[in-house]
Amino acid sequence: MSVSGSDRRAFLDTLFFTSLAAVAVAVLAPVPFFLLPPARARVRRVIVGLAAELRPGTARKFAYGERVGVVLHDGTALRVFDARCTHQGCKVNWDPNGRFLSCPCHGAAFSSTGEPLRGPHDGPLETLPYRITASGEIEVGE
Amino acid sequence: MRVGWIEDRTGARQWFRSVRARLSRPLPLKSAGITLGSVALFLLFLQFVSGALLTVYYVPSWSDAHDSVAHIVTEVRFGWLVRSVHVWSAHMTVAIVALHLMRVFVRGAYARPREATWWCGVLLGSLVAGAAFTGQALPMDEEATGGMAVAASFADSVGAGALVRGGPYVGQATLSRMFAAHVVFIPGSLLLLITLHLALVGRHRLQGAETMEGSSSAFPRRAALSCSGALAVLAVLAVAWPAGLGSEADPLGTAEHVKPMWIFLPIYQAVKGIPAWAAPLLLAIPAGFLILVPFLPWRRPVLAAGAVLLAAAVALGVLGAMA
């Protein structure tokens, strides 16, 4: 069997473009992995302040790692939520007069128990676990 | 040194002549808005220059970004002007690109053989909108954090939230990504696609000019005139109404009454009334329509659909502005 010049050329072309594609894949493959951020250690607990200092009908925001939390006294109990609005992720604010949490972006409102009252939402606010320490401080986290 | 020496080594004169010859081909100059693309290109050039200058002082840090922009506008000499030019030319670019797109749409100039030019233009328009959006986040004023949260939420609906946020929550990593997109990825893509867009325009010429022959310097003059007009408008806006800087974003909250740039007001208003998972459809439906348009042979229904989309966007935008 004889191999002609054009056969050889075609074979070398195939070889060249296949290796080129392989190199391109090898070079580009790490990029999506690079762009997706690695998991980082989360903040587990944070002291928010003295429970006795939080008056009924008031609330306080706090940083919880990269999250923002809100602790409020609804008259009977303390409630602690992630302040992230379940609609589009803006941070809700406590309205001391209406005693509800409202989102400035698209107008959602949540009750003092985190339940959606009106406006666009995707379920209730996320509740954060907390405990009162021996010295009377509110400690948020697991 | 003789010009011939440079010519021998670079072919610059020959290249320049061929570009001039292309620009001097006769065009249907009576058609209104024929220089909108030229003006968009000119404004984007101003964006690149003013933006490059701003990177000298801007710091993409969650806690220092606002200070660095305040430093630019209050202390750096002519800093207020450079930022004002960047902000106002951004508004103008978005507006002119939108008008350019509408003109091409109404005239049906996206049809064969200019489909690729059209798709390239639609992509360019999306990149310009992306640049406007990401640029809005950089000063870390009260509107910035809300915008980043909403962008991440849109991305979440298609499973790409982490890609926008750079982590589980909106924070420094998100701002870094906005900065990288605004300063490197989007401008780089713009440069590549503008080159392609212009090459395609050169190949197919403008609609109505296919059979025109001869040579005329009317178009370059018209384009230069339009760009001068745009520059005059920009100068008045940038100097008379210097771009403001909102208060620094509260790290613990979203300020009351935050709103995005005017071009995003229709989406801002529409997301109030639909579930979060459906939000990306607000982008996908108009984008899909624009991409498919060259394949739709029915002229009148297509124009009607375009008019409906535009009317809906304007109505929602006005509602959003008043909300």
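What counts as what
Residues numbered from 1 in each chain as written. Chains lettered and ligands numbered in written order. Predicted model: local features only at pLDDT ≥ 70, side-chain atom pairs only at ≥ 80, totals over all residues. Heavy atoms only, no water. Helix = DSSP H or I, 4+ residues; strand = E, 2+ residues; numbered from the N terminus. Rg over C-alpha atoms; globule rule 2.2 N^0.38 Å. Buried < 20%, exposed > 50% of the residue type's maximum accessible area, 1.4 Å probe, protein only. Contact = heavy atoms within 4.5 Å. Areas by Shrake-Rupley, 256 points an atom, 1.4 Å probe, with all protein chains shown as cover. Buried area = accessible area lost by both parts, 1.4 Å probe. Salt bridge = Lys/Arg side-chain N within 4 Å of Asp/Glu carboxyl O. Nonpolar A, V, L, I, M, F, W, Y, C, P; charged D, E, K, R; others polar. Pairing = 2+ DSSP bridges. Axes fitted to C-alpha atoms, helices over the stretch in contact; angles between N-to-C directions. Core = buried A, V, L, I, M, F, W, Y, C linked by side-chain atoms within 4.5 Å. Disulfide = S-S within 2.5 Å. Phe/Tyr/Trp six-rings, centres within 6.5 Å; stacked < 30°, edge-to-face > 60°. Domains from an automatic or database assignment.

**Let's talk about the overall build of chain A**
From N to C terminus, chain A includes two helices and ten strands. Against the compact-globule benchmark of 14 Å for 142 residues, chain A has a radius of gyration of 28 Å, which places it well outside the compact range. Taking the principal axes of its C-alpha atoms as reference, chain A extends roughly 95 × 35 × 20 Å. Looking at chain A as a whole, 37% of its 142 residues are labelled buried. Look at the contacts in chain A between residues 6 or more apart in sequence, and 41% of them connect residues 24 or more apart. When the accessible area of chain A is evaluated, it comes to approximately 8500 Å², of which 60% is carbon and sulfur surface.

**Some points on the interface of chain A and chain B**
Of the residues lining the interface, 22 residues belong to chain A; the matching set on chain B comes to 27 residues. Summed over both sides, the interface between chain A and chain B buries roughly 2200 Å², with carbon and sulfur atoms accounting for 56% of that surface. For the chain A face of the interface with chain B, the top three residues by lost area are Glu66(A), Gln88(A) and His106(A), together amounting to 27%. The tally of links from chain A across to chain B stands at zero salt bridges. Per-element accounting of the side of chain A that touches chain B gives the leading share, three residues, to strand S2 (residues 59-64) of chain A. Grouping the amino acids of the side of chain A that touches chain B by side-chain chemistry returns ten nonpolar, five polar and seven charged.

**Quick look at the sheet that holds strand S9 (residues 130-132) of chain A**
Residue and element names in this part refer to chain A. Overall, antiparallel pairing links the three strands, which are arranged S1-S10-S9 in an open sheet. Both outer strands of the open sheet, strand S1 (45-50) and S9, are each paired with one neighbouring strand and no more. The mean inter-strand angle of the sheet, taken between neighbouring strand axes irrespective of direction, is 25°. Bridge analysis of S9 against strand S10 (residues 137-141) gives three bridges, and the strand direction is antiparallel. Bridging across to S10, Ile132 finds its partner in Ile138.

**Describing the nonpolar core**
One finds Met148(B), Leu175(B) and Leu190(B) to be the most contacted residues of the largest nonpolar core, which totals 44 residues. Put simply, the parts of the chain that give this core at least two residues each are helix H3 (36-54), helix H4 (65-74), helix H5 (79-107), helix H6 (115-137), helix H7 (142-157), helix H9 (172-204) and helix H10 (218-240) of chain B. By residue number, the principal contributor to this core is H6(B), which donates eight residues. Each residue touching Met148(B), except ones within four places of it in the same chain, is listed here: Trp62(B), Ala137(B), Met140(B), Val170(B), Thr174(B), Leu175(B) and Met178(B). With 22 residues, the next largest nonpolar core counts Ala83(A), Cys103(A), Ala108(A) and Val258(B) among its residues.

**Re the pattern of salt bridges**
All names here are of chain A. Applying the stated criterion across every chain yields a total of seven salt bridges over all chains. For Arg79, the salt bridge identified is with Asp74, shortest N-O distance 3.0 Å. On the basis of relative accessible area, Asp74 is assigned to the buried category, the value being 17%. Taking the shortest distance from any N to any O, the salt bridge between Arg131 and Glu139 comes out at 2.8 Å. Relative accessible area serves as the criterion here: at 46%, Arg131 is assigned to the partly exposed category. For Glu139, a relative accessible area of 12% puts it in the buried group. Several salt bridges converge on common partners, so that one network encompasses Arg67, Asp82 and Glu126.

**Observations concerning the state of the cysteines**
Summed over all chains, the structure comprises one disulfide over all chains. The structure places no disulfide on Cys85(A), whose sulfur is separated from the nearest cysteine sulfur, that of Cys103(A), by 3.8 Å. For Cys85(A), a relative accessible area of 0% translates into the label buried. Its sulfur unpaired, Cys227(B) is 19 Å from the next cysteine sulfur, which belongs to Cys120(B).

**Here's the deal with the packing of aromatic side chains**
Going through the model one piece at a time under the given rule, you end up with seven aromatic pairs over all chains. Here Phe16(A) and Phe17(A) contribute two aromatic rings whose centre-to-centre distance is 5.1 Å and whose plane-to-plane angle is 75°, an arrangement assigned as edge-to-face. An aromatic cluster of at least three residues, connected via ring pairs, comprises Phe105(B), Tyr110(B), Trp118(B) and Phe289(B).

**Re unusual backbone geometry**
Trans peptide bonds make up most of the peptide bonds, and negative phi angles are found at most residues other than glycine. All names here are of chain B. Pro113 follows Arg112 through a cis peptide bond whose omega is 5°. Mapped onto the secondary structure, Pro113 falls in the loop between H5 and H6. Here Met140, not a glycine, exhibits a phi torsion of approximately 55°, which is positive. Locating Met140 in the fold gives a position in the loop between H6 and H7. Judged by its relative accessible area of 3%, Met140 is buried. At Arg205, a position not held by glycine, the phi torsion is positive, near 60°. Here Arg205 is to be found in the loop between H9 and H10.

**With respect to the domain arrangement of chain B**
All names here are of chain B. Splitting chain B by domain gives domain 1 (31-206 + 218-255) and domain 2 (259-323). Computed over C-alpha atoms, the centres of domain 1 and domain 2 are 20 Å apart. Contacts between domain 1 and domain 2 engage 23 residues on the former and 24 residues on the latter. Roughly 2000 Å² is buried in total at the junction of domain 1 and domain 2, and carbon and sulfur atoms are behind 76% of that figure. Considering only the surface of domain 1 that becomes buried against domain 2, Phe105, Trp119 and Phe154 emerge as the three largest contributors, covering 30% of it.

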